[in-house]
Amino acid sequence: MHQMSSRDAAYLFLGDRHASATVISVWVLRDHADGTGVSQDEVLARVRAMTALDDHFVSRVRHVPLSLGRPFWQRDPEFDVTRHCFDHATGLTWSEATVEISRIGARPLAPDRPLWRAHLLPAVDGVPGQSGPSSLLAIMWHHAAFDGMRWTELTRYALADAGENRGPAPDGWRVDDDGIGPAAAAVREIVLAPVTWTRFLVGILRSLRSRERQNDHAGRPDAVPCPPTRFIARERGERVCSFVPVPLAAVLDIRRSCPGATVNDVMLSVIGGALRDYLAGLGEPPAATLPALVPISTRTGTDGPVNQFAASIVDLHTDIDHPLERVAAVSASATAAKARVRASQSERTPELPGPLLRLLGGVSRSSRLNARPAVATVAITNVGPTRGVETMAGSSVDAMYGMQTLSAGCLLAHSIRTVRDRLIVSVTTDDSVMADPSVYLGFIEASVAAHRAASLV
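Residues numbered from 1 in each chain as written. Predicted model: local features only at pLDDT ≥ 70, side-chain atom pairs only at ≥ 80, totals over all residues. Heavy atoms only, no water.

1. Some remarks on the nonpolar core
Trp-27, Trp-73, Ile-101, Leu-136, Ile-139 and Tyr-401 are the most contacted members of the largest nonpolar core, which totals 70 residues. If we ignore the near neighbours within four places in the chain, the residues touching Trp-73 are Met-1, His-2, Met-4, His-56, Ser-59, Arg-60, Val-61, Leu-115, Ala-144, Ala-145, Trp-173 and Val-175. In this structure, Ala-233, Leu-316, Leu-411 and Ile-416 belong to the second largest nonpolar core, which totals 48 residues. (Core = buried A, V, L, I, M, F, W, Y, C linked by side-chain atoms within 4.5 Å. Buried < 20%, exposed > 50% of the residue type's maximum accessible area, 1.4 Å probe, protein only. Contact = heavy atoms within 4.5 Å.)

2. Side note on the pattern of salt bridges
In the structure shown here, the tally under the stated rule is 15 salt bridges. Among the ionic pairs, Arg-276 bridges to Asp-277, the shortest N-O distance being 3.3 Å. On the basis of relative accessible area, Asp-277 is assigned to the partly exposed category, the value being 35%. The structure contains a network of salt bridges with shared partners spanning Arg-30, Asp-398 and Arg-420. (Salt bridge = Lys/Arg side-chain N within 4 Å of Asp/Glu carboxyl O.)

3. As for the pairing of strand E8 (residues 239–247)
Counting buried positions along E8 gives eight out of nine residues, so the element sits mostly inside the fold. Pairing of E8 with strand E15 (residues 422–430) involves nine bridges; the strand directions are antiparallel. Of the residues in E15, the one forming a bridge with Val-246 is Leu-423. (Helix = DSSP H or I, 4+ residues; strand = E, 2+ residues; numbered from the N terminus. Pairing = 2+ DSSP bridges.)

4. Side note on a nonpolar patch on the surface
A cluster of nonpolar side chains, Leu-66, Leu-68 and Ile-190, forms an exposed patch at the surface whose accessible area comes to about 300 Å². The residue Leu-66 is located in the loop between strand E3 (59–62) and strand E4 (72–75) in this model. In this structure Leu-66 comes out as exposed when scored by relative accessible area, which is 66%. (Patch = residues over 30% accessible without salt bridge, like charges linked within 9 Å, V, L, I, M, F, W, Y side chains within 5 Å. Areas by Shrake-Rupley, 256 points an atom, 1.4 Å probe, with all protein chains shown as cover.)

5. Points about the sheet that holds strand E1 (residues 2–3)
By way of backbone hydrogen bonds, the strands of a sheet pair with one another, either parallel or antiparallel. Strand order in this open sheet of three strands is E1-E4-E3, and the pairing throughout is antiparallel. Looking at strand neighbours, the two that pair on one side only are E1 and E3, the edges of this open sheet.

6. Topic: the side chain of Asp-76
Relative to the helices and strands, Asp-76 resides in the loop between E4 and strand E5 (85–87). There is a polar contact of 3.0 Å between the side chain of Asp-76 and the backbone nitrogen of Glu-78. The contact partners of Asp-76, leaving out residues within four places of it in the chain, are Val-58, Ser-59, Arg-60, Asp-112, Arg-113 and Pro-114. (Polar contact = N/O pair within 3.5 Å; in protein donor to acceptor, adjacent residues only side chain to side chain.)

7. Focus on the confidence of the model for the protein
Considering every residue of the protein, the mean pLDDT works out to 88; 92% of them sit at 70 or more. In this model, residues 216–222 is a region of pLDDT below 50 whose contacts with residues beyond four sequence positions or in other chains number three contacts. (pLDDT = per-residue confidence, 0-100.)

8. Here we look at the environment of Ala-287
Looking at the secondary structure, you find Ala-287 in the loop between helix H7 (263–281) and strand E9 (291–297). Linking Ala-287 and Pro-228, residues 59 residues apart in sequence, is a C-alpha distance of 7.8 Å.

9. So, the state of the cysteines
Inspection of every chain in the model, using the stated rule, returns zero disulfides. Here Cys-85 is not cross-linked by a disulfide; its sulfur's nearest cysteine counterpart is in Cys-241, at 19 Å. Take Cys-410: it sits in no disulfide, and the sulfur closest to it among the cysteines is that of Cys-226, at 8.3 Å. Given a relative accessible area of 13%, Cys-410 falls into the buried group. (Disulfide = S-S within 2.5 Å.)

10. Some thoughts on the sheet that holds E15
Read across the sheet, six strands follow the order E8-E15-E14-E11-E9-E10 without closing on themselves; strand pairing throughout is mixed. In this open sheet, the two strands that pair with only one neighbour each are E8 and strand E10 (309–315). Sheet twist, expressed as the mean angle between neighbouring strand axes with direction ignored, is 25°. (Axes fitted to C-alpha atoms, helices over the stretch in contact; angles between N-to-C directions.)

11. Some remarks on the packing of helix H6 (residues 248–256) against helix H10 (residues 437–456)
Between H6 and H10, whose axes approach to 9 Å, the crossing angle comes to 45°. Between H6 and H10, the crossing angle belongs to the class labelled oblique. At the point where H6 passes H10, the crossing takes the left-handed sense. On H10, the residues that touch Ala-250, Asp-253 and Ile-254 of H6 are Val-448, His-451, Arg-452 and Ser-455. Tallied by class, the residues present in the contact of H6 with H10 amount to three nonpolar, two polar and two charged. (Parallel < 35°, antiparallel > 145°, perpendicular 65-115°, else oblique. Left-handed = near helix turned anticlockwise from the far one by under 90°. Nonpolar A, V, L, I, M, F, W, Y, C, P; charged D, E, K, R; others polar.)

12. Thoughts on helix H4 (residues 148–159)
Owing to its 3.6 residues per turn, the α-helix brings residues three or four apart onto one side. Its 12 residues place the ends of H4 16 Å apart at the C-alpha level, agreeing with the 16 Å of an ideal helix rising 1.5 Å per residue. Across the 12 residues of H4, nine count as buried, placing the element largely inside the fold. Turning to H4, its buried residues are Met-149, Arg-150, Trp-151, Thr-152, Leu-154, Thr-155, Arg-156, Ala-158 and Leu-159. Buried residues belonging to H4 abut strand E2 (22–30), helix H2 (40–51), strand E7 (134–142), E9, strand E12 (391–392) and strand E14 (412–419). (Expected span 1.5 Å × (residues − 1).)

13. Considerations on the side chain of Gln-130
On the secondary structure map, Gln-130 appears in the loop between strand E6 (116–124) and E7. By relative accessible area, which is 14% here, Gln-130 ends up buried. For Gln-130, the residues in contact, after removing those within four places along its chain, are Val-28, Arg-30, Asp-398 and Arg-422.

14. What to know about the packing of aromatic side chains
Enumeration over the complete set of coordinates arrives at 12 aromatic pairs. Ring plane angle 20° and centroid distance 5.0 Å describe the contact between Trp-141 and Trp-151, whose orientation is recorded as stacked. In this pair, Trp-141 sits in strand E7 while Trp-151 sits in helix H4, placing the two residues 10 residues apart along the sequence. Note on Trp-141: relative accessible area 3%, which makes it buried. The buried category is assigned to Trp-151, whose relative accessible area is 2%. (Phe/Tyr/Trp six-rings, centres within 6.5 Å; stacked < 30°, edge-to-face > 60°.)

15. Here we look at the environment of Leu-357
Along the chain, Leu-357 turns up in helix H9 (residues 354–364). When the C-alpha positions of Leu-357 and Leu-121 are compared, they lie 38 Å apart, and in sequence the two are 236 residues distant. Contacts of Leu-357, omitting those with residues within four sequence positions, involve Ser-6, Ala-9, Ala-10, Phe-13, Arg-70 and Leu-352.

16. Some points on the packing of helix H1 (residues 6–13) against H9
For the pair H1 and H9, interaxial distance at closest approach is 9 Å and the crossing angle is 45°. Relative to H9, H1 is oriented oblique. Once H1 is placed against H9, the crossing between them reads as right-handed. Residues Ser-6, Ala-9, Ala-10 and Phe-13 of H1 touch H9, and the partners they reach there are Leu-357, Arg-358, Gly-361 and Ser-364. Its residues assigned to classes, the contact of H1 with H9 comprises four nonpolar, three polar and one charged.

Shown next as structure tokens:
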């Protein structure tokens, strides 16, 4: 068995424990000229290779009775990869495929099996940016088992064709088969309870003192106010997602016109402009600049928690009209946010005891008790410099997009991936606040064009 860290176990307790914890990664595979595409047998072979790299693929979650301790991973003695792979109808339209992906996203992962499953949607017609049919490989996974960086490393090595420069095999993660079951784990947690709670309380005191010293030295950063928008609400519908391809060359031209800015800074400004104009078009212009939640990777290896990232808040400066001036302001805000994350990395967050996690989970699902103010309007994720899969089973991977996590108070999430000469911007939202993401994606395209035009002046 392998006990979870409290950071990873939080995804099993907090929020709705499904939309707030699961992700769907979708690869768009161009079908061959003869009309054939990747087969289910080829998917099974690639997925089998992936399960050999990391025991999260073959381990199930076991809960300690009464949540006396944090859950633990234990290898599933009945694991069968075919029980995790599903084939769907051939020849769906893009509109039908997006509905099918939403249905996949609405179905929770089986709690008594490893927390992932794969779906193949063959010969989908009308995929954005594609001139012919494409197959969609959609793999749903749980954040308790992987974070974005680890997932990219594993899938790139296991799913990519052998001819690609896949790099070295990712470090393995293994579960020891010690035969300990939930009852024995409960007894152990009762015996260790005084030590567990003492370490937690001491850790909290140290963390508070460390933060006080940092605030005395650097000053307390001003929080970006978060004006109300339609996306600051509780989940009421199903997750929907779609994507738009953006020419990488255009984004690089914009970056060159903004000294010191990064591609990420440019895309934060692009999304900020698109979001402001989209809301204004609905007659709901934001009352102030909009902040975004931007995860920053802190990964150092497979030791420690699965989820190695810190959440930063970046001002999108949507009150600035000129695109290049907005890029410069966003770049400064993003740099300051990264500095705050680096400064906080010296703090070691104490592990939360199981009973406390269970209590916090109940509070997080209570609308009466969980009335805290929102800290960000949207979430924007970029998983860093690791390239994704470019060919799979002889098929070209022309795009990769995803259905992101959503949680109460932040019902619009973005993911940005580089695929060859394009950036793939995917959007996930709740269909109760945005039924058709394609309209909003049009605003993102228009925002890229506006930034590009400003860079040519």
